[in-house]
Amino acid sequence: MLTTQFPGIIDTIVGNRGGVRDALADHGIGVEMQSASSVQTSLTATGMPSDPQVYNGQKFTLRNNALNIYVTKTLDDIGLGDTMLTVGGGYSVTSFAPNGRNSITFKTLSIYHGFANHTVEVKAGFLQNYLHFAGLITGGNPTLTTGLVSLLPVQAGLSAEPATTPGVNVQINGKKGLYLLGGVQRSLNPRGIAEEIRTNGIGLDWHQHNAKALYIGEVGIRRKASPTQRSFWARAGYLYNMSDYDRFLGGSDHNYSYYALIDYQATRPDNQLFFRGLYLGASYSAARKSVSAFSHAGEIRAYYVGPFNARPTDSLNLTVSYNRFSEDLHASYGLRGIDTARHQVGISGAYAVHLGPGVRIAPALQYVFNPTFLPGYKNVLLGSASLYLAF
């Protein structure tokens, strides 16, 4: 029930050396360990001092360094077929506080069960739901994600790395890739993910101050690439958060977000490696402007998996993103005599190099118009690099 494709065991640094993973699998145990690091810096003048820092890359920024370990155990030996228990944890470090507090936490503690040959799937526990809904990560591949990203569903309370919240998800799978997906979770702290991390200890808190139920529904059609069909995924969803968020112009409101995304494999040049090819995609999302810093976001993207015959597992990504700042946020600053930006645009490109089993590096360039809504900051060219390791 994940929308993000982590490398399989065959594409890891350790692989099955010594037959350890085979021995674990004989007992229904799987172990995954992943490390992700990303740095970003400005390549042009920002127009303002770097202190205080107000956006990623304004000065050299460690956006994220994380190590995650996941252990999965099937429960067949106690009579629960098609059932898995997953425990995951790790650390996350950043040099820019709005990305989240440096932490060591649980990343998941969940149980999965499939009914009627996976016609109905249920997952419950402490979850990062941005990996289950919407498919927000480009192509389902962490190394393809770069550029200007505003995750409006996360802004509206959807749980996300590195914060988990308790919840239950149910998916009903129909014919020809049709599915219905619904869930209820405890919202992230209404003050944001950084506050959630600061106050959530090891990541297993049932309650957060003023964090209430978040309801999510999604419908989609997903067909994976195969020898007989091209990859296609269209989905749309809505989430409603019962928590009280502070309005920019006074008072409080519940929050909501809705989204629609589509990705399509436009070419399939290799009949054996059928995942290769050019993919085209687009996204749109919105959130309540009275309480959400971003009220609208859109993206068009083109990404190529295996752009060269000699490099069939490399990836190339080109993205144009648009974010609309909340009109209410703009008005609240206007009351103080501050004229803020109305929108921002990002144009980015990245190339993910598959250096060897379990090792990928992705350098990227991004040009951003209005990198922050505050006045005085110039449009900026940002350079970044991400390193992804799977053990």
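Residues numbered from 1 in each chain as written. Predicted model: local features only at pLDDT ≥ 70, side-chain atom pairs only at ≥ 80, totals over all residues. Heavy atoms only, no water.

**Student:** Can you help me understand the overall build of the chain in this one?
**Tutor:** Within the chain, the regular secondary structure consists of 4 helices and 16 strands. Radius of gyration (C-alpha) of the chain: 21 Å, near the 21 Å computed for a compact globule of 391 residues. Its C-alpha atoms put the chain at 65 × 50 × 40 Å along the principal axes. A fraction of 62% describes how many contacts in the chain between residues 6 or more apart in sequence connect residues 24 or more apart. Counting only carbon and sulfur atoms, one obtains 63% of the accessible surface of the chain, whose full area is about 18,100 Å². Each charge sign in the chain was given a centre, from 31 positive and 24 negative side chains, and these centres are 5 Å apart. (Helix = DSSP H or I, 4+ residues; strand = E, 2+ residues; numbered from the N terminus. Rg over C-alpha atoms; globule rule 2.2 N^0.38 Å. Contact = heavy atoms within 4.5 Å. Areas by Shrake-Rupley, 256 points an atom, 1.4 Å probe, with all protein chains shown as cover. Lys, Arg positive; Asp, Glu negative; His and termini not counted. Charge placed at Lys NZ, Arg CZ, Asp CG, Glu CD.)

**Student:** What exactly am I supposed to notice about the pairing of strand β2 (residues 61-74) here?
**Tutor:** Along any regular strand, the residues point their side chains to alternate faces of the sheet. Bridge count between strand β1 (residues 29-42) and β2: 12 bridges; the pairing is antiparallel. Of the residues in β2, the one forming a bridge with glutamine 40 is threonine 61. (Pairing = 2+ DSSP bridges.)

**Student:** What am I meant to see in the pattern of salt bridges here?
**Tutor:** Applying the stated rule across the entire model yields 14 salt bridges. The salt bridge involving lysine 107 is made with glutamate 161; its shortest N-O contact spans 3.0 Å. With lysine 107 in strand β4 (residues 103-115) and glutamate 161 in the loop between α2 (152-155) and β6 (165-173), the pair connects residues that are 54 residues apart, well separated along the chain. When its relative accessible area of 22% is taken as the criterion, glutamate 161 is described as partly exposed. Taken together, the shared-partner salt bridges in this structure form one network comprising Arg235, Asp263, Glu299 and Arg301. (Salt bridge = Lys/Arg side-chain N within 4 Å of Asp/Glu carboxyl O. Buried < 20%, exposed > 50% of the residue type's maximum accessible area, 1.4 Å probe, protein only.)

**Student:** Sorry, what's going on with the side chain of glutamine 53 here?
**Tutor:** Positionally, glutamine 53 belongs in the loop between β1 and β2. Of note is the side chain of glutamine 53, whose polar atom sits 3.1 Å from the backbone oxygen of tyrosine 55. Among the polar contacts listed, one links the side chain of glutamine 53 to the side chain of threonine 61, at a separation of 2.8 Å. For glutamine 53, the contacting residues outside a window of four places in its chain are Gln58, Lys59, Thr61 and Phe96. (Polar contact = N/O pair within 3.5 Å; in protein donor to acceptor, adjacent residues only side chain to side chain.)

**Student:** I keep staring at the packing of aromatic side chains and nothing clicks. Help me out?
**Tutor:** To describe a pair of aromatic rings, you give the distance between the ring centres and the angle between the ring planes. Taken as a whole and judged by the stated rule, the model has 12 aromatic pairs. Centre to centre, the rings of tyrosine 55 and tyrosine 377 are 6.1 Å apart; their planes meet at 75°, and the pair counts as edge-to-face. A residue pair is termed long-range when its members are at least 10 positions apart, and tyrosine 55 in the loop between β1 and β2 and tyrosine 377 in the loop between β15 (359-369) and β16 (380-390) qualify at 322 residues. A relative accessible area of 6% places tyrosine 55 in the buried class. Ring geometry for phenylalanine 232 and tyrosine 264: centres 6.4 Å apart, planes at 70°, overall edge-to-face. Linking phenylalanine 232 in strand β9 (residues 232-246) with tyrosine 264 in strand β10 (residues 252-265), this pair joins segments that are 32 residues apart in sequence. For phenylalanine 232, a relative accessible area of 22% gives the class partly exposed. The class of tyrosine 264 is partly exposed, set by a relative accessible area of 38%. Grouped by ring-pair contacts, the aromatic residues Tyr238, Tyr256, Tyr258 and Tyr284 constitute a single cluster. (Phe/Tyr/Trp six-rings, centres within 6.5 Å; stacked < 30°, edge-to-face > 60°.)

**Student:** Got a minute to help me understand the environment of leucine 382 in this structure?
**Tutor:** Among the structural elements, leucine 382 can be located in strand β16. For the pair formed by leucine 382 and serine 326, sequence separation is 56 residues and the distance between their alpha carbons is 24 Å. If near-sequence neighbours (up to four positions away) are discounted, leucine 382 is found in contact with Gln40, Thr41, Ser42, Leu43, Tyr55, Asn56, Gly57, Ala364, Leu365, Gln366 and Val368.

**Student:** I tried to follow helix α4 (residues 327-334) on my own but got confused; where do I start?
**Tutor:** Helical periodicity: at 3.6 residues per turn, an α-helix aligns residues three or four positions apart in one direction. Among all positions in α4, only Asp328, Leu329, His330, Ser332 and Tyr333 are buried. For α4, the side-chain oxygen to backbone nitrogen distance between the N-cap and aspartate 328 is 3.1 Å, and the N-cap itself is serine 326.

The quantities given are spatial measurements derived from coordinates; they are silent on function.
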